[in-house]
Amino acid sequence: MTFQGFTDETAQFLWGIRLNNERSWFLAHKEDYLAHAYNPLCALGGEVQERFLDANPDLALNLRVTRIYRDVRLVRDGRRYKDHLWFVLCPPQEGWTTNATFYFEIAPEGYELGMGYYWSPPAMMELYRKKLLEEGPRAEALARGLLERPDFRLMGDEYKRPKGEVSDLLKPWFNRKTVALCSPRSYDDGRCSGPGLVDDVVEGFQWLLPYYRFFRELDKAYLAQQ
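Residues numbered from 1 in each chain as written. Predicted model: local features only at pLDDT ≥ 70, side-chain atom pairs only at ≥ 80, totals over all residues. Heavy atoms only, no water.

Draft legend 1. Summary view of the overall build of the chain. Counting its secondary structure elements, the chain contains seven helices and six strands. Listing every helix and strand of the chain by position from the N terminus yields α-α-α-β-β-β-β-α-α-β-α-β-α. In terms of overall dimensions, the chain is globule-like: its C-alpha atoms have a radius of gyration of 19 Å, near the 17 Å expected for 226 residues. For the chain, the residues scored as buried account for 46% of the 226 residues in total. For the chain, restricting intrachain contacts to residue pairs at least 6 apart in sequence, the fraction spanning at least 24 positions comes to 70%. Per element, the accessible surface of the chain, about 11700 Å² overall, is 51% carbon and sulfur. Within the chain, one finds 30 positive and 33 negative side-chain charges whose respective centroids are separated by 7 Å. (Helix = DSSP H or I, 4+ residues; strand = E, 2+ residues; numbered from the N terminus. Rg over C-alpha atoms; globule rule 2.2 N^0.38 Å. Buried < 20%, exposed > 50% of the residue type's maximum accessible area, 1.4 Å probe, protein only. Contact = heavy atoms within 4.5 Å. Areas by Shrake-Rupley, 256 points an atom, 1.4 Å probe, with all protein chains shown as cover. Lys, Arg positive; Asp, Glu negative; His and termini not counted. Charge placed at Lys NZ, Arg CZ, Asp CG, Glu CD.)

Draft legend 2. Region of interest: the packing of helix 5 (residues 136–147) against helix 7 (residues 196–225). For the pair helix 5 and helix 7, interaxial distance at closest approach is 11 Å and the crossing angle is 145 degrees. The element helix 5 and its partner helix 7 pack so that their crossing is left-handed. Contacts between helix 5 and helix 7 involve Arg138, Leu142, Gly145 and Leu146 on the former and, on the latter, Trp207, Pro210, Tyr211, Arg213, Phe214 and Glu217. For the contact of helix 5 with helix 7, the per-class residue count stands at six nonpolar, one polar and three charged. (Axes fitted to C-alpha atoms, helices over the stretch in contact; angles between N-to-C directions. Left-handed = near helix turned anticlockwise from the far one by under 90°. Nonpolar A, V, L, I, M, F, W, Y, C, P; charged D, E, K, R; others polar.)

Draft legend 3. Region of interest: the layout of surface pockets. There is about 370 Å³ of room inside the largest pocket. Along the wall of the largest pocket there are 13 residues; nearest its centre are Tyr103, Glu105, Glu112, Ala180 and Cys182. Sort the elements by how many residues they give to the lining of the largest pocket and strand 6 (residues 180–186) lands first, with three residues. For the lining of the largest pocket, the per-class residue count stands at eight nonpolar, two polar and three charged. (1 Å grid on protein atoms, 1.4 Å probe; cavity = no way out; pocket = protein on both sides within 12 Å on 5 of 7 lines; lining within 4 Å. Points joined across faces, edges and corners; volume = space filled by probe spheres on them.)

Draft legend 4. Here's a closer look at empty space enclosed by the protein. Here the structure, examined in full by the defined rule, presents one cavity of 30 Å³ or more. The space that makes up the largest cavity amounts to roughly 60 Å³. Looking at the lining of the largest cavity, the elements that each hand over two or more residues are helix 4 (122–134), helix 5 and helix 7. Examining the composition of the lining of the largest cavity, we find that three residues originate from one element, helix 7, more than from any other. For the lining of the largest cavity, the per-class residue count stands at nine nonpolar, no polar and no charged.

Draft legend 5. Inspection of the packing of aromatic side chains at higher detail. Inspection of the entire model under this criterion finds 22 aromatic pairs. Residues phenylalanine 214 and phenylalanine 215 carry aromatic rings whose centres are separated by 5.5 Å and whose planes lie at 85 degrees to one another, so their mutual orientation is edge-to-face. Taken as a pair, phenylalanine 214 and phenylalanine 215 share a single burial class, namely buried. Every member of this aromatic cluster is reached through a ring pair, and the members are Phe13, Trp25, Phe26, Tyr33, Tyr38, Tyr69 and Tyr81. Over the ring of phenylalanine 214 we find lysine 131; its NZ or CZ atom is 4.8 Å from the centre of that ring. The ring of tryptophan 207 carries the charged tip of arginine 149 above its face, separated from the ring centre by 5.2 Å. (Phe/Tyr/Trp six-rings, centres within 6.5 Å; stacked < 30°, edge-to-face > 60°. Lys NZ or Arg CZ within 6 Å of the ring centre and 35° of its normal.)

Draft legend 6. Just helix 7, in detail. Here helix 7 spans 42 Å end to end across 30 residues, near enough to the 44 Å set by a 1.5 Å rise per residue. Most pronounced at leucine 209, the bend in helix 7 amounts to some 50 degrees, and the proline proline 210 follows within four residues. (Expected span 1.5 Å × (residues − 1). Bend = angle between axes of the 7 residues up to and from the residue.)

Draft legend 7. Structural detail: the confidence of the model for the chain. Here the chain averages 92 in pLDDT, and 96% of its residues register 70 or above. Element-level mean pLDDT values for the chain span from 92 in helix 4 up to 98 in helix 3 (residues 30–55). (pLDDT = per-residue confidence, 0-100.)

If you want it as structure tokens, here you go:
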């Protein structure tokens with residue numbers, strides 16, 4: 001399947017499942033889910049993976065596309081279905097959620113792409129702070145790069161108390177419990193509705209690559225301690 005873009009029906013379905021998060025509504029709209037959300041997402045992920053790995057043959061990244069069904073072990077509010085869907089390009093090893101990961105997500109309000117951790121153990125973030133201190137010039141160059149790319153934002157939970165003294169440039173990076181670089185976008189930009197979205201996502205991932213390599217070094221240091 002070739003990616004042709006998401007449609008108005010994509011957002012309509014996602015709003016629908018958010019407001020009607022029950023089995024009967026989903027079963028009545030399952031074909032909408034497949035036609036306007038899941039299948040296009042798979043097609044987009046496949047094309048982005050192929051293009052991105054062709055440009056970076058040294059990378060080993062698996063494509064994972066989420067299903068709409070929530071893990072029943074985590075359902076506490078009765079909401080059985082996700083109202084935002086994503087794919088990730090992630091390292092092939094088990095436990096990929098603790099590794100730096102590229103992602104693309106669609107939600108009722110819009111779409112987003114970026115790179116970060118799905119889950120960051122405290123021990124990993126301790127190594128992260130140590131790496132920022134040890135590689136100050138490199139880390140500051142990455143921080144300056146983000147300031148020059150305003151469509152991407154540094155995101156993640158922060159500690160209430162400072163974890164140490166660093167330069168003003170690195171302060172927004174240093175006190176994080178989790179870390180991600182995110183580019184939220186609106187459906188109104190029109191880019192999501194056509195095949196050109198593949199180019200946009202590949203370009204975004206390519207721009208994020210120096211950050212990904214920095215964090216992959218962190219991943220490997222963390223795994224070496226386990």
